[in-house]
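# Chain and residue survey
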Amino acid sequence: MSLANSPAVPPSNAPGAARNARFAEFPTGALLPITTRPELVFTHGKGGWLYDHEGKRYLDFIQGWAVNSLGHCHPVMRDALATQGALLLNPSPAFYNGPMIELADLLATLSGLGKVFFANSGAEANESAIKLARKWGQLHPNASGGARYEIITFRNGFHGRTLATMSASGKPGWDTIFAPQVPGFPKAELNDLASVEALIGPDTVAVMLEPIQGEAGVVPATTTFLKELRALTQARGLLLIVDEVQTGCGRTGTLFAHQQAGIVPDIMTLGKGIGGGVPLAAMLCADELAVFQPGDQGGTYNGNPLMCAVGLAVMRTVSAPGFLEFVRAQADYLSAGLQHLSSKYGGEGERGAGLLRALLLGRDIGPQLVEAARDMAPDGLLLNSARPNLLRFMPALNVSREEIDQMLSMLDTLLAKHV
Ligand SMILES: Cc1ncc(COP(=O)(O)O)c(C=O)c1O
(Lines give C-alpha, C1' and ligand atoms only; values in the text may rest on other atoms or scores of the structure.)
Protein backbone atom coordinates (compact mmCIF):
# COMPACT_ATOMS: atom_id res chain seq x y z
CA MET A 1 0.00 0.00 0.00
CA SER A 2 1.27 3.46 -0.79
CA LEU A 3 1.67 5.70 2.21
CA ALA A 4 1.21 8.79 0.12
CA ASN A 5 -2.49 8.40 -0.57
CA SER A 6 -3.81 8.47 2.96
CA PRO A 7 -5.15 12.00 3.34
CA ALA A 8 -7.71 11.30 0.60
CA VAL A 9 -9.03 8.14 2.26
CA PRO A 10 -12.36 8.58 4.08
CA PRO A 11 -12.02 8.27 7.86
CA SER A 12 -12.47 4.79 9.32
CA ASN A 13 -14.73 6.19 11.97
CA ALA A 14 -17.43 6.93 9.40
CA PRO A 15 -20.56 5.00 10.39
CA GLY A 16 -20.19 1.29 9.63
CA ALA A 17 -16.47 1.40 8.78
CA ALA A 18 -14.37 -1.46 10.12
CA ARG A 19 -11.60 -0.24 12.44
CA ASN A 20 -8.15 -0.39 10.85
CA ALA A 21 -9.54 -2.61 8.12
CA ARG A 22 -6.64 -1.74 5.79
CA PHE A 23 -3.82 -2.24 8.26
CA ALA A 24 -3.26 -5.87 7.21
CA GLU A 25 -2.28 -4.65 3.73
CA PHE A 26 0.93 -3.08 5.06
CA PRO A 27 3.91 -5.47 4.93
CA THR A 28 4.96 -4.77 8.52
CA GLY A 29 6.48 -8.24 9.04
CA ALA A 30 10.01 -7.24 8.03
CA LEU A 31 10.33 -4.89 11.00
CA LEU A 32 12.15 -6.44 13.93
CA PRO A 33 9.64 -6.35 16.76
CA ILE A 34 11.05 -4.13 19.52
CA THR A 35 7.82 -2.81 20.96
CA THR A 36 4.08 -3.44 20.77
CA ARG A 37 2.85 -1.01 18.16
CA PRO A 38 -0.85 -0.24 17.62
CA GLU A 39 -2.27 -1.16 14.22
CA LEU A 40 -1.85 2.33 12.82
CA VAL A 41 0.49 3.75 10.21
CA PHE A 42 1.03 7.46 10.62
CA THR A 43 1.28 9.29 7.33
CA HIS A 44 1.56 12.98 8.11
CA GLY A 45 1.45 15.53 10.87
CA LYS A 46 0.77 19.22 11.29
CA GLY A 47 1.39 21.16 14.49
CA GLY A 48 -0.43 19.36 17.29
CA TRP A 49 -2.04 16.74 15.08
CA LEU A 50 -1.03 13.38 13.59
CA TYR A 51 -2.94 11.57 10.83
CA ASP A 52 -3.12 7.83 10.27
CA HIS A 53 -3.47 5.63 7.18
CA GLU A 54 -7.23 5.89 7.31
CA GLY A 55 -7.31 9.65 7.62
CA LYS A 56 -8.23 9.68 11.31
CA ARG A 57 -6.55 12.50 13.20
CA TYR A 58 -5.03 12.37 16.68
CA LEU A 59 -4.32 15.22 19.07
CA ASP A 60 -0.69 14.56 19.94
CA PHE A 61 0.36 15.08 23.57
CA ILE A 62 3.37 12.77 23.15
CA GLN A 63 5.07 14.59 20.26
CA GLY A 64 7.69 11.94 19.57
CA TRP A 65 8.39 11.53 23.31
CA ALA A 66 9.05 15.19 24.10
CA VAL A 67 10.95 15.60 20.85
CA ASN A 68 8.87 17.78 18.50
CA SER A 69 9.40 21.09 20.30
CA LEU A 70 7.56 23.02 17.60
CA GLY A 71 4.97 20.36 16.74
CA HIS A 72 4.84 18.34 13.55
CA CYS A 73 6.50 19.75 10.42
CA HIS A 74 6.90 23.35 11.59
CA PRO A 75 7.65 25.76 8.71
CA VAL A 76 11.00 26.90 10.18
CA MET A 77 12.17 23.28 10.21
CA ARG A 78 10.82 22.54 6.75
CA ASP A 79 12.57 25.65 5.42
CA ALA A 80 15.84 24.73 7.14
CA LEU A 81 15.69 21.19 5.70
CA ALA A 82 14.89 22.42 2.19
CA THR A 83 17.49 25.19 2.18
CA GLN A 84 20.29 23.15 3.71
CA GLY A 85 19.27 20.05 1.74
CA ALA A 86 19.97 21.94 -1.47
CA LEU A 87 23.34 23.21 -0.25
CA LEU A 88 25.31 20.55 1.61
CA LEU A 89 24.37 17.34 3.40
CA ASN A 90 27.58 15.88 4.76
CA PRO A 91 31.13 17.05 4.12
CA SER A 92 32.36 14.66 6.93
CA PRO A 93 32.80 15.45 10.61
CA ALA A 94 36.50 15.96 9.93
CA PHE A 95 35.68 19.32 8.29
CA TYR A 96 33.95 22.44 9.56
CA ASN A 97 30.56 23.38 8.16
CA GLY A 98 28.51 26.55 8.66
CA PRO A 99 25.47 25.23 10.61
CA MET A 100 27.75 23.20 12.93
CA ILE A 101 29.72 26.33 13.83
CA GLU A 102 26.66 28.54 14.23
CA LEU A 103 24.73 26.06 16.38
CA ALA A 104 27.70 25.35 18.65
CA ASP A 105 28.21 29.08 19.11
CA LEU A 106 24.51 29.62 19.91
CA LEU A 107 24.41 26.72 22.41
CA ALA A 108 27.58 27.92 24.13
CA THR A 109 26.12 31.42 24.45
CA LEU A 110 22.75 30.18 25.72
CA SER A 111 24.17 27.71 28.23
CA GLY A 112 27.37 29.36 29.46
CA LEU A 113 29.20 26.07 28.74
CA GLY A 114 31.91 26.92 26.28
CA LYS A 115 32.44 23.67 24.33
CA VAL A 116 29.96 21.61 22.30
CA PHE A 117 30.17 18.13 20.80
CA PHE A 118 27.33 17.08 18.49
CA ALA A 119 25.83 13.59 18.49
CA ASN A 120 22.84 11.86 16.94
CA SER A 121 20.90 10.65 19.98
CA GLY A 122 20.57 11.30 23.67
CA ALA A 123 22.30 8.03 24.51
CA GLU A 124 25.25 8.96 22.32
CA ALA A 125 25.52 12.39 23.95
CA ASN A 126 25.52 10.68 27.36
CA GLU A 127 28.19 8.22 26.21
CA SER A 128 30.30 11.25 25.33
CA ALA A 129 29.73 12.74 28.77
CA ILE A 130 30.77 9.43 30.39
CA LYS A 131 33.89 9.22 28.22
CA LEU A 132 34.79 12.85 28.91
CA ALA A 133 34.41 12.35 32.66
CA ARG A 134 36.56 9.19 32.56
CA LYS A 135 39.21 10.99 30.51
CA TRP A 136 39.20 13.86 32.99
CA GLY A 137 39.48 11.29 35.81
CA GLN A 138 42.63 9.90 34.16
CA LEU A 139 44.12 13.38 34.03
CA HIS A 140 43.06 14.10 37.63
CA PRO A 141 43.81 10.79 39.40
CA ASN A 142 43.15 9.90 43.04
CA ALA A 143 45.67 10.14 45.87
CA SER A 144 47.19 6.77 44.92
CA GLY A 145 47.63 7.89 41.33
CA GLY A 146 44.77 5.71 40.03
CA ALA A 147 42.47 6.94 37.28
CA ARG A 148 39.07 7.92 38.63
CA TYR A 149 36.21 6.44 36.62
CA GLU A 150 33.14 5.87 38.79
CA ILE A 151 30.09 7.98 38.04
CA ILE A 152 27.37 8.00 40.68
CA THR A 153 23.94 7.83 39.04
CA PHE A 154 20.43 7.38 40.45
CA ARG A 155 17.83 4.69 40.98
CA ASN A 156 15.08 4.93 38.40
CA GLY A 157 17.18 7.25 36.25
CA PHE A 158 17.19 6.89 32.47
CA HIS A 159 20.15 7.76 30.27
CA GLY A 160 19.69 5.71 27.09
CA ARG A 161 19.94 2.26 25.55
CA THR A 162 23.61 1.76 24.72
CA LEU A 163 25.37 -0.64 27.08
CA ALA A 164 27.09 2.12 29.07
CA THR A 165 24.00 4.32 29.29
CA MET A 166 21.84 1.33 30.27
CA SER A 167 24.36 0.64 33.02
CA ALA A 168 24.20 4.28 34.08
CA SER A 169 20.39 4.06 34.15
CA GLY A 170 18.62 2.87 37.25
CA LYS A 171 15.63 1.33 35.51
CA PRO A 172 14.51 -1.77 37.37
CA GLY A 173 15.61 -4.94 35.54
CA TRP A 174 18.20 -3.23 33.35
CA ASP A 175 21.08 -4.52 35.48
CA THR A 176 20.52 -8.07 34.24
CA ILE A 177 18.86 -7.80 30.83
CA PHE A 178 22.13 -7.66 28.83
CA ALA A 179 24.54 -8.68 31.58
CA PRO A 180 27.33 -8.07 32.26
CA GLN A 181 26.88 -4.35 32.76
CA VAL A 182 29.50 -1.73 32.09
CA PRO A 183 31.03 -1.27 35.58
CA GLY A 184 31.40 2.00 37.42
CA PHE A 185 27.88 3.33 37.96
CA PRO A 186 26.89 2.99 41.64
CA LYS A 187 23.30 4.08 42.30
CA ALA A 188 22.17 6.71 44.78
CA GLU A 189 18.64 7.77 45.75
CA LEU A 190 17.28 10.93 44.11
CA ASN A 191 16.83 13.83 46.58
CA ASP A 192 18.91 12.03 49.23
CA LEU A 193 22.30 13.71 49.55
CA ALA A 194 23.53 11.25 52.20
CA SER A 195 23.03 8.39 49.73
CA VAL A 196 25.34 10.19 47.29
CA GLU A 197 27.94 10.98 49.94
CA ALA A 198 27.97 7.35 51.06
CA LEU A 199 28.98 6.23 47.54
CA ILE A 200 31.87 8.66 47.04
CA GLY A 201 35.15 6.75 47.04
CA PRO A 202 38.69 7.13 45.67
CA ASP A 203 37.55 6.14 42.16
CA THR A 204 34.60 8.53 41.96
CA VAL A 205 34.92 11.13 39.23
CA ALA A 206 31.38 12.47 38.71
CA VAL A 207 27.71 12.48 39.61
CA MET A 208 25.19 12.32 36.78
CA LEU A 209 21.44 12.96 36.98
CA GLU A 210 18.32 14.14 35.21
CA PRO A 211 16.92 17.36 36.75
CA ILE A 212 13.54 15.67 36.36
CA GLN A 213 13.43 11.88 35.96
CA GLY A 214 11.16 11.75 32.93
CA GLU A 215 10.89 8.03 32.20
CA ALA A 216 10.48 7.33 35.93
CA GLY A 217 7.22 9.30 35.81
CA VAL A 218 8.24 12.98 35.89
CA VAL A 219 9.96 12.89 39.29
CA PRO A 220 11.79 16.19 39.95
CA ALA A 221 15.10 16.58 41.74
CA THR A 222 14.33 19.28 44.30
CA THR A 223 15.99 22.68 44.09
CA THR A 224 17.58 22.09 47.50
CA PHE A 225 18.98 18.74 46.38
CA LEU A 226 20.43 20.20 43.15
CA LYS A 227 22.05 23.06 45.05
CA GLU A 228 23.47 20.72 47.71
CA LEU A 229 24.69 18.30 45.06
CA ARG A 230 26.46 21.11 43.23
CA ALA A 231 28.13 22.21 46.46
CA LEU A 232 29.08 18.63 47.37
CA THR A 233 30.57 17.82 43.97
CA GLN A 234 32.57 21.05 44.02
CA ALA A 235 33.84 20.38 47.55
CA ARG A 236 34.88 16.80 46.70
CA GLY A 237 36.47 17.56 43.30
CA LEU A 238 33.80 15.74 41.30
CA LEU A 239 32.13 16.71 38.04
CA LEU A 240 28.39 17.32 37.92
CA ILE A 241 26.75 16.01 34.74
CA VAL A 242 23.14 16.94 34.02
CA ASP A 243 21.27 14.87 31.48
CA GLU A 244 18.85 17.38 29.95
CA VAL A 245 17.95 15.18 27.00
CA GLN A 246 14.29 15.29 28.01
CA THR A 247 14.18 18.46 30.13
CA GLY A 248 16.31 20.77 27.98
CA CYS A 249 15.59 23.22 25.15
CA GLY A 250 12.60 24.94 26.74
CA ARG A 251 10.62 21.84 27.77
CA THR A 252 10.40 22.83 31.45
CA GLY A 253 9.76 26.55 30.87
CA THR A 254 13.39 27.67 31.03
CA LEU A 255 15.95 26.87 28.35
CA PHE A 256 17.55 24.29 30.63
CA ALA A 257 15.88 22.80 33.72
CA HIS A 258 18.94 23.12 35.98
CA GLN A 259 18.73 26.92 35.61
CA GLN A 260 15.64 26.85 37.82
CA ALA A 261 17.83 25.70 40.70
CA GLY A 262 20.40 28.43 39.98
CA ILE A 263 23.25 25.95 39.47
CA VAL A 264 25.82 25.56 36.71
CA PRO A 265 26.83 21.98 35.84
CA ASP A 266 30.23 20.98 34.46
CA ILE A 267 28.72 18.89 31.66
CA MET A 268 25.24 18.93 30.13
CA THR A 269 23.71 16.65 27.52
CA LEU A 270 20.89 17.60 25.16
CA GLY A 271 18.84 15.52 22.74
CA LYS A 272 15.19 15.16 21.81
CA GLY A 273 13.90 18.77 21.66
CA ILE A 274 17.12 20.25 20.24
CA GLY A 275 16.36 18.76 16.84
CA GLY A 276 12.59 19.22 17.06
CA GLY A 277 12.13 15.77 15.48
CA VAL A 278 15.36 15.11 13.58
CA PRO A 279 18.24 13.06 15.05
CA LEU A 280 20.42 15.61 16.79
CA ALA A 281 21.96 15.69 20.25
CA ALA A 282 24.82 17.47 21.97
CA MET A 283 27.19 17.29 24.87
CA LEU A 284 28.32 20.60 26.32
CA CYS A 285 31.10 21.16 28.81
CA ALA A 286 32.99 23.93 30.52
CA ASP A 287 36.07 25.12 28.59
CA GLU A 288 38.51 23.62 31.09
CA LEU A 289 36.96 20.19 30.60
CA ALA A 290 37.75 20.04 26.89
CA VAL A 291 40.23 17.19 27.43
CA PHE A 292 39.51 14.93 24.44
CA GLN A 293 42.55 14.43 22.23
CA PRO A 294 42.03 14.02 18.46
CA GLY A 295 40.71 10.50 17.93
CA ASP A 296 39.20 10.06 21.41
CA GLN A 297 35.67 10.83 20.29
CA GLY A 298 33.84 11.25 17.00
CA GLY A 299 31.20 9.75 14.75
CA THR A 300 30.34 9.73 11.04
CA TYR A 301 27.26 11.94 11.25
CA ASN A 302 28.25 14.12 14.18
CA GLY A 303 27.73 17.79 13.41
CA ASN A 304 26.38 17.18 9.93
CA PRO A 305 25.03 20.41 8.43
CA LEU A 306 21.54 19.10 7.65
CA MET A 307 20.68 18.26 11.27
CA CYS A 308 22.57 21.26 12.65
CA ALA A 309 20.65 23.61 10.33
CA VAL A 310 17.38 22.23 11.73
CA GLY A 311 18.70 22.45 15.31
CA LEU A 312 19.67 26.06 14.67
CA ALA A 313 16.14 26.87 13.44
CA VAL A 314 14.61 25.16 16.48
CA MET A 315 16.95 26.73 19.04
CA ARG A 316 16.57 30.21 17.52
CA THR A 317 12.80 29.85 17.76
CA VAL A 318 12.80 28.49 21.30
CA SER A 319 15.22 31.16 22.55
CA ALA A 320 13.47 34.06 20.79
CA PRO A 321 12.00 36.76 23.07
CA GLY A 322 8.61 35.74 24.48
CA PHE A 323 8.77 32.04 23.57
CA LEU A 324 9.58 30.70 27.04
CA GLU A 325 7.05 33.05 28.66
CA PHE A 326 4.49 31.46 26.34
CA VAL A 327 5.61 27.95 27.37
CA ARG A 328 5.23 28.89 31.05
CA ALA A 329 1.76 30.35 30.49
CA GLN A 330 0.60 27.24 28.63
CA ALA A 331 2.15 25.07 31.35
CA ASP A 332 0.23 26.91 34.09
CA TYR A 333 -2.97 26.48 32.11
CA LEU A 334 -2.35 22.76 31.54
CA SER A 335 -1.38 22.27 35.18
CA ALA A 336 -4.59 23.95 36.41
CA GLY A 337 -6.69 21.83 34.05
CA LEU A 338 -5.01 18.62 35.21
CA GLN A 339 -5.43 19.59 38.86
CA HIS A 340 -9.12 20.20 38.23
CA LEU A 341 -9.54 16.75 36.65
CA SER A 342 -7.60 15.17 39.48
CA SER A 343 -9.92 16.69 42.10
CA LYS A 344 -12.99 15.80 40.06
CA TYR A 345 -12.03 12.13 39.79
CA GLY A 346 -10.28 11.62 43.11
CA GLY A 347 -6.72 11.36 41.75
CA GLU A 348 -3.49 12.21 43.52
CA GLY A 349 -2.79 15.54 41.83
CA GLU A 350 -0.31 16.45 39.13
CA ARG A 351 3.35 17.41 39.00
CA GLY A 352 6.12 18.48 36.67
CA ALA A 353 7.68 21.61 35.27
CA GLY A 354 6.72 23.52 32.15
CA LEU A 355 5.28 21.24 29.51
CA LEU A 356 6.60 18.03 31.04
CA ARG A 357 3.83 17.01 33.41
CA ALA A 358 2.23 13.95 34.94
CA LEU A 359 -1.29 13.32 36.19
CA LEU A 360 -1.21 10.97 39.17
CA LEU A 361 -4.15 8.64 38.76
CA GLY A 362 -3.99 6.90 42.13
CA ARG A 363 -4.57 3.54 40.45
CA ASP A 364 -2.90 1.50 37.71
CA ILE A 365 -5.14 2.47 34.80
CA GLY A 366 -2.60 4.45 32.74
CA PRO A 367 -2.07 1.91 29.93
CA GLN A 368 -5.82 1.33 29.67
CA LEU A 369 -6.44 5.08 29.35
CA VAL A 370 -3.72 5.40 26.69
CA GLU A 371 -5.46 2.80 24.52
CA ALA A 372 -8.94 4.18 25.07
CA ALA A 373 -7.68 7.71 24.27
CA ARG A 374 -6.18 6.53 20.98
CA ASP A 375 -9.40 4.76 20.02
CA MET A 376 -11.67 7.75 20.69
CA ALA A 377 -13.72 9.01 17.75
CA PRO A 378 -13.99 11.07 15.68
CA ASP A 379 -10.56 12.31 16.88
CA GLY A 380 -8.10 10.20 18.84
CA LEU A 381 -5.78 11.44 21.57
CA LEU A 382 -2.16 10.34 21.98
CA LEU A 383 -1.05 10.08 25.59
CA ASN A 384 1.77 8.26 27.38
CA SER A 385 1.76 6.33 30.62
CA ALA A 386 5.38 6.36 31.81
CA ARG A 387 4.25 4.39 34.89
CA PRO A 388 0.94 2.49 35.18
CA ASN A 389 -0.35 4.87 37.85
CA LEU A 390 0.14 8.07 35.87
CA LEU A 391 -0.16 9.79 32.52
CA ARG A 392 2.69 11.90 31.15
CA PHE A 393 2.06 15.00 29.00
CA MET A 394 4.71 16.27 26.56
CA PRO A 395 2.90 18.47 24.03
CA ALA A 396 4.61 20.72 21.51
CA LEU A 397 6.01 23.81 23.23
CA ASN A 398 3.80 25.97 21.00
CA VAL A 399 0.63 24.06 21.96
CA SER A 400 -2.45 26.30 21.84
CA ARG A 401 -5.05 26.88 24.58
CA GLU A 402 -7.64 25.35 22.28
CA GLU A 403 -5.56 22.18 21.99
CA ILE A 404 -5.10 22.03 25.76
CA ASP A 405 -8.86 22.54 26.23
CA GLN A 406 -9.64 19.82 23.70
CA MET A 407 -7.21 17.39 25.36
CA LEU A 408 -8.66 18.12 28.81
CA SER A 409 -12.19 17.63 27.57
CA MET A 410 -11.27 14.30 25.92
CA LEU A 411 -9.49 13.22 29.09
CA ASP A 412 -12.54 14.22 31.14
CA THR A 413 -14.71 11.94 28.97
CA LEU A 414 -12.21 9.10 29.35
CA LEU A 415 -11.87 9.44 33.11
CA ALA A 416 -15.66 9.54 33.49
CA LYS A 417 -15.75 6.10 31.80
CA HIS A 418 -12.72 4.47 33.34
CA VAL A 419 -12.45 5.70 36.92
C1 LIG B 1 16.81 11.76 30.21
C2 LIG B 1 17.08 10.94 28.99
N3 LIG B 1 18.35 10.68 28.65
C4 LIG B 1 18.65 9.97 27.55
C5 LIG B 1 17.67 9.47 26.73
C6 LIG B 1 18.04 8.68 25.52
O7 LIG B 1 17.85 9.43 24.39
P8 LIG B 1 17.83 8.71 22.95
O9 LIG B 1 16.61 7.85 22.93
O10 LIG B 1 17.77 9.84 21.97
O11 LIG B 1 19.07 7.91 22.85
C12 LIG B 1 16.33 9.72 27.04
C13 LIG B 1 15.26 9.18 26.21
O14 LIG B 1 14.11 9.08 26.60
C15 LIG B 1 16.02 10.47 28.20
O16 LIG B 1 14.77 10.73 28.56
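None of the values given here were measured: they were computed from a predicted structure.

One full turn of an α-helix is made of 3.6 residues, so residues set three or four places apart face in the same direction. For helix α10 (residues 366-374), every residue scored as buried is listed here: Gly-366, Leu-369, Val-370, Ala-372, Ala-373 and Arg-374. Summarising the contacts, the buried residues of α10 are in contact with β3 (57-60), β15 (380-382), β16 (384-387), β17 (390-393) and α11 (401-418).

Our focus in this paragraph is the UniProt feature "binding site: N(2)-acetyl-L-ornithine" (unreviewed entry) in the protein. Sequence positions flagged by UniProt for "binding site: N(2)-acetyl-L-ornithine" (unreviewed entry) are, in local numbering, Arg-161. Mapped onto the elements of the fold, Arg-161 is located in the loop between β5 (150-154) and α5 (163-168). Overall, the relative accessible area of 61% leaves Arg-161 in the exposed class. Sequence-distant contacts of Arg-161, that is, excluding residues within four places in its chain, are made with Ala-123, Met-166 and Trp-174.

Glancing now at the sheet that holds strand β4 (residues 115-119). Judged by pairing direction, the sheet is mixed, and its seven strands sit side by side in the order β4-β12-β11-β10-β7-β5-β6 without closing on themselves. Each edge of the open sheet carries a strand with a single partner, namely β4 and β6 (187-188). With four bridges connecting them, strand β7 (residues 204-209) and strand β10 (residues 239-243) associate as parallel partners. The residue of β10 that forms the bridge with Met-208 is Ile-241. In the packing of helix α3 (residues 98-111) onto the sheet, contacts are made with β4, β11 (267-270) and β12 (281-285), and the angle to β4 comes to roughly 125°. Together, β4, β5, β7, β10, β11 and β12 form the strand contacts of helix α4 (residues 122-139), whose direction differs from that of β12 by roughly 25°.

Moving on: the layout of surface pockets. The calculated volume of the second largest pocket comes to roughly 650 Å³. What lines the second largest pocket is a set of 26 residues, and nearest its centre among them are Val-116, Phe-117, Phe-118, Phe-292 and Gln-297. Tallying contributions element by element places β4 first for the lining of the second largest pocket, with four residues. Its residues assigned to classes, the lining of the second largest pocket comprises 17 nonpolar, seven polar and two charged.

This part takes up unusual backbone geometry. Cis geometry marks the peptide bond from Ala-179 to Pro-180; its omega dihedral reads 0°. The amide bond that connects Ala-377 to the next residue, Pro-378, takes the cis arrangement and shows omega of 0°. As for its placement among the helices and strands, Pro-378 is situated in the loop between α10 and β15. At Ala-66, a position not held by glycine, the phi torsion is positive, near 65°. Residue Ala-66 is classed as buried on the basis of its relative accessible area of 2%.

Attention now moves to the site of the ligand. As a structural note, the neighbourhood of the ligand is formed by 13 residues, with Gly-122, Ala-123, Asp-243, Gln-246 and Lys-272 the closest of them. At 2.8 Å from an oxygen atom of the ligand is found a side-chain nitrogen or oxygen belonging to Gln-246. If you tally residues by element for the shell around the ligand, the top one is α4, at three residues. Taken together, the residues of the shell around the ligand sort by class into three nonpolar, six polar and four charged.

It is worth spelling out the packing of α3 against helix α8 (residues 305-318) at this point. Where α3 contacts α8, the two axes come as close as 8 Å, and the packing angle between them is 35°. Crossing geometry of α3 relative to α8 is assigned as left-handed. For the pair α3 and α8, contact is made by Pro-99, Met-100, Glu-102, Leu-103, Leu-106, Leu-107 and Leu-110 and by Pro-305, Cys-308, Ala-309, Gly-311, Leu-312, Met-315 and Arg-316, respectively. Classifying every residue of the contact of α3 with α8 by side-chain character gives eleven nonpolar, one polar and two charged.

Let us now look at the UniProt feature "modified residue: N6-(pyridoxal phosphate)lysine" (unreviewed entry) in the protein. When the UniProt feature table is mapped to this numbering, "modified residue: N6-(pyridoxal phosphate)lysine" (unreviewed entry) covers Lys-272. Tracing the sequence through the fold places Lys-272 in the loop between β11 and β12.

Moving on: the sheet that holds strand β1 (residues 42-46). With respect to topology, four strands assemble into an open sheet ordered β1-β2-β3-β15, the strand pairing being mixed. Strand pairing shows two members of the sheet lacking a second neighbour, β1 and β15, which therefore form its edges. Averaged over all pairs of adjacent strands, the angle between their axes in this sheet comes to 30°, without regard to strand direction. Bridge count for β1 against strand β2 (residues 49-52) is four bridges, and the pairing is antiparallel. Following the sheet pairing, Phe-42 is matched in β2 by Asp-52. Against the sheet, α10 makes contact with β3 and β15, and its axis sits at roughly 140° relative to β15, the strand it touches most.

The rules behind the values
For every chain, the first residue of the written sequence is number 1, and numbering continues from 1 onward in sequence order. Predicted model: local features are reported for residues with pLDDT of at least 70 only, side-chain atom pairs are reported and counted for 80 or more only, and whole-chain, interface and lining totals are derived from all residues. Only heavy atoms go into the side-chain values, all of them from the structure, while hydrogens and water stay out. Working definition: with a 1.4 Å probe on protein chains only, accessible area under 20% of the residue-type maximum means buried, over 50% means exposed, and in between means partly exposed. The numbering of helices and of strands both runs from the N terminus, where a helix is a DSSP run of H or I of at least 4 residues and a strand a run of E of at least 2. Contact criterion: two residues are considered in contact whenever any of their non-hydrogen atoms come within 4.5 Å of each other. UniProt positions are given in the numbering used here, feature names are shortened, and annotations may be inferred rather than shown by experiment. What makes two strands pair is DSSP finding at least two bridges between them. Here, axes are lines fitted to C-alpha atoms. For helices the fit covers the stretch in contact, and angles between N-to-C directions go from 0 to 180 degrees. Within this scheme a cavity is a closed region of a 1 Å grid, computed over the protein atoms alone, that accommodates a 1.4 Å probe without allowing it to escape, whereas a pocket is open but has protein on both sides within 12 Å along at least five of seven lines; lining residues each have an atom within 4 Å of a point. Grid points are joined across faces, edges and corners, and a volume is the space filled by probe spheres set on the points. Put simply, Ala, Val, Leu, Ile, Met, Phe, Trp, Tyr, Cys and Pro go in the nonpolar bin, Asp, Glu, Lys and Arg in the charged bin, and everything else, Gly too, in the polar bin. Any residue with a non-hydrogen atom lying within 4 Å of a molecule or strand is treated as near it. Contacts described as polar in this section are N or O atom pairs within 3.5 Å, which, within protein, must combine one atom able to donate a hydrogen with one able to accept it, while residues neighboring in sequence count only if both atoms come from side chains. Handedness of a crossing is defined here by the sense of rotation of the near helix relative to the far one, left-handed for an anticlockwise turn of less than a right angle and right-handed for a clockwise turn.

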